Every structure is written in structure tokens, then in C-alpha cells.
Amino acid sequence: MIATTATTATTLGFVLDADHEAHQPPEAGGGRRDQVRLLVSAGDAAPVHARFDALGDFLRSGDLVVVNTSATIPAAVDARMPDGDPVVVHFSGELPGGVVLVEVRQPAEGATVPRVVERPVDLDLLGVGRVQLHAPFAGSRRLWLASATVEGDGDGDGALLDLLDAHGRPIRYRHVPREWPVAAYQTVFARERGSVEMPSAGRPFSTDLVTDLVGRGIGVAPLLLHTGVSSLEGDERPYPERYRVPRATASAIGATRQNGGRVIAIGTTVVRALATVTDDRGIVHPGQGWTDLMVTADTPVRSVDGLVTGWHEPESTHLMMLESFAGRDALGAAYAAALDAGYLWHEFGDSHLILRSEAT
């Protein structure tokens, strides 16, 4: 059993080694997206090992899966510091007020590591634009409030997206040793550009699997949440992310729960969006804007009965959200089982279905 400790975040006492990291998409090794492994946690029952394309076996007719339709953008762009040092800027989306949030990183052994920037500076995007760092974000040591100017096209969200499409590449970290095209970071649900890192819980879905779920009487409803960078340090809260919950999705969730079905969120992004628009009675309302809500075991989301997610690092704040579904002991048991069985972590890795005990 993995030991859990009570700190500012749920901490699972394990070290994530390279053997438990997914270093490439499963398709690169001849596999399929929907054939990654799936561990199912349901209350106090022993974890069940399965394959992702068997997801429908663990759901019921009348259930509803809620998916994120945000598409991933190539948000890493090469730049230079004022002294000429090469860096990589990770754009992390727009914040209220039209400013952008960025992280500055420096090349290191084929990947990047955070670059400490001591004061506001202007960064040159190698002749295609500029980024002006204004102030650290909320006391962060790495994230900056910034503005971006695109050469020849002025500024604004549309111009920045065009710059990223033309000159950016997908954000990746040390566990992925080579670059992959942005298509490898899209889910089958992707419709609207805006996530700087893939809403990865939806990646294992295929059109065949979606067809199978619908054929079983399981509904699919969309919402939108544009993700920011995931490289937050253990003591950093999630920052605001843009979301939109359509009226039709809010209505579908209400009807599902009224008819005795379960609502299964595909990813922590979906949970965060739904938590933002769920009232004290557990009723979901349509809404849009930015959310900085942080879901914990003390603030469970009453409108969601289960969650499909990936495997998170030992001190990730996402674990606090997972504890609201599984409970601390059950979450530790699931992670211990996944480690023992060789499950793979990160965006190209394996999956975890968590069902609340009262929802099984």
C-alpha cells in the first residue's frame, strides 16, 4: 500500500521512474489509442484491470459521459532573452483582461527546464513577434503575466493563434524525448483551438469506442475548457482557465441524474468546468468565462459520479480532486496496483476510471 500524507495536497509516497512513463504515443509502437490499459476503481472494491476499449463494460445504459472539445495548439515557441540566450516560451492561454500567461524555459538535454527570470523583460520570438513580461503571476517563481505582439499582424488572440500555428510546436517535457506532430496531441473530440496542453483523458477514445458507447445507450455531451501548462510546482494553485458549458449539456446532465443515470467526467478539466457551474443542490447551469476553482475532498462536485483520468505525479494538485471521488485509502490502493502492474503515466499513458462508491 502506498502511504498517503496530509499536506497542502494529497501526496502519494512513490517515486515516478522512467519505466512507468509513457515516452511516445501508443500508435508509435503499433498499438491503438483505445488499447491502452484501464484500471477501474469503484468504492472499496479491489481495482480491476482492463483495456480502455472495454470502458463500456463498466458503464450502464442511461449513463452520460461529458467530454472536453478543446483542441490543442502548438504553444511552445523559440525565443531569445535580451542578452541573446536561447529560451522557449510556453504560452499558457489568455487571462481576463486580455493578458497572456507564459512560462519561460531553457533548453536542457533535448527538453526544457524552467528559466528563472528576475525582472520584466522583452523576449524576441526570433523575428516573428515579441513577448513582454510584465509581472510574476500570483507570486509564482516561473509564470509571468505578459503581452504578445505579432510582427506585421498587430496583436490579439487570433493573431497569436496564427503565430503559434506557423511557428510553434506542442509543449513537451523530459519524459517525451522527441517531438511529435500536433495531431498526436488531439483527441477525437477536439473542435475549438485553445488548449496549450492536451486534455489527455480523452486521448484514448476512438470513433469506434464512441460508437460502442452510444450503441450501449450511453450518452455523450460536450463542454469546453482550454487547458494551461501542467508544469505547476507542488505548492502552486491551478490558475484561471477559460470554459464554456452549453445549455444542452447542462440539461442532459440534469436529465441523466433525474432518470437514475451516472455522469462520468472525461478528465479533470471537465470536473473543474462542471464544478464551476454546479449549485449547492447539485444542479448544473450553463455558463462561460474563466474558472480558478480548485476541487478537493472537502469540496466534492455533486453533479459528477465518476471520472476518467490519467495517472498523476506524486505531488500533483490533481490528486486532491481524485480524492474527492475515491477517498484517500482507495486512491492509494489504486496507485499501488497501477505501479505494481506497470501502468504508464503522462499524456500518452494509461487510464483510470474512478466511480464513487454510491454510484456503482
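Our subject in this report is the structure included herewith. (Residues numbered from 1 in each chain as written. Predicted model: local features only at pLDDT ≥ 70, side-chain atom pairs only at ≥ 80, totals over all residues. Heavy atoms only, no water.)

1. A short note on helix α6 (residues 328-340)
Move 1: In a regular helix each residue adds 1.5 Å, so 13 residues correspond to 18 Å; α6 covers 18 Å between its end C-alpha atoms and thus fits that length.
Move 2: Looking at α6, one finds that the buried residues are A330, L331, G332, A334, Y335, A336, A337, A338 and L339.
Move 3: Just downstream of α6, G342 is the residue with a positive phi angle, here 80°. (Helix = DSSP H or I, 4+ residues; strand = E, 2+ residues; numbered from the N terminus. Expected span 1.5 Å × (residues − 1). Buried < 20%, exposed > 50% of the residue type's maximum accessible area, 1.4 Å probe, protein only.)

2. Looking at the packing of helix α4 (residues 268-277) against helix α5 (residues 318-326)
Move 1: Between α4 and α5, the least distance of the axes is 11 Å, while the angle of their chain directions is 75°. Taken together, the axis directions place α4 and α5 in an arrangement best described as roughly perpendicular. On α5, the residues that touch T268, V271 and R272 of α4 are H318, M321, L322 and F325.
Move 2: Of the residues assigned to the contact of α4 with α5, the class counts are 4 nonpolar, 2 polar and 1 charged. (Axes fitted to C-alpha atoms, helices over the stretch in contact; angles between N-to-C directions. Parallel < 35°, antiparallel > 145°, perpendicular 65-115°, else oblique. Contact = heavy atoms within 4.5 Å. Nonpolar A, V, L, I, M, F, W, Y, C, P; charged D, E, K, R; others polar.)

3. Some remarks on the pattern of salt bridges
Move 1: The tally for this structure, following the rule as stated, stands at 22 salt bridges.
Move 2: R262 is paired through a salt bridge with D63; the nearest N and O atoms lie 2.8 Å apart. Of the two residues, R262 is situated in the loop between α3 (247-258) and β17 (263-266) and D63 in the loop between β4 (48-51) and β5 (64-68); the sequence distance between them amounts to 199 residues.
Move 3: Assessed through its relative accessible area of 3%, D63 is described here as buried.
Move 4: Where R244 meets E192, a salt bridge forms, and the shortest distance between an N and an O atom there is 2.7 Å. With a gap of 52 residues between them, R244 in strand β16 (residues 241-245) and E192 in strand β14 (residues 192-195) connect regions that are remote in the sequence. (Salt bridge = Lys/Arg side-chain N within 4 Å of Asp/Glu carboxyl O.)

4. Brief notes about the sheet that holds strand β19 (residues 306-309)
Move 1: Here we have 9 strands laid out as an open sheet, ordered β4-β3-β20-β19-β17-β5-β15-β16-β18, and mixed in their pairing. Each end of this open sheet is capped by a strand with a single partner; those strands are β4 and β18 (287-291). Recorded for the sheet is a direction-independent mean angle of 25° between the axes of neighbouring strands.
Move 2: Inspection of the sheet shows strand β3 (residues 37-42) paired to strand β20 (residues 351-355) by 5 bridges, in the parallel sense. Each bridged residue has a counterpart across the sheet, and for L39 the counterpart in β20 is H352.
Move 3: In the packing of α6 onto the sheet, contacts are made with β3, β4 and β20, and the angle to β3 comes to roughly 155°. (Pairing = 2+ DSSP bridges.)

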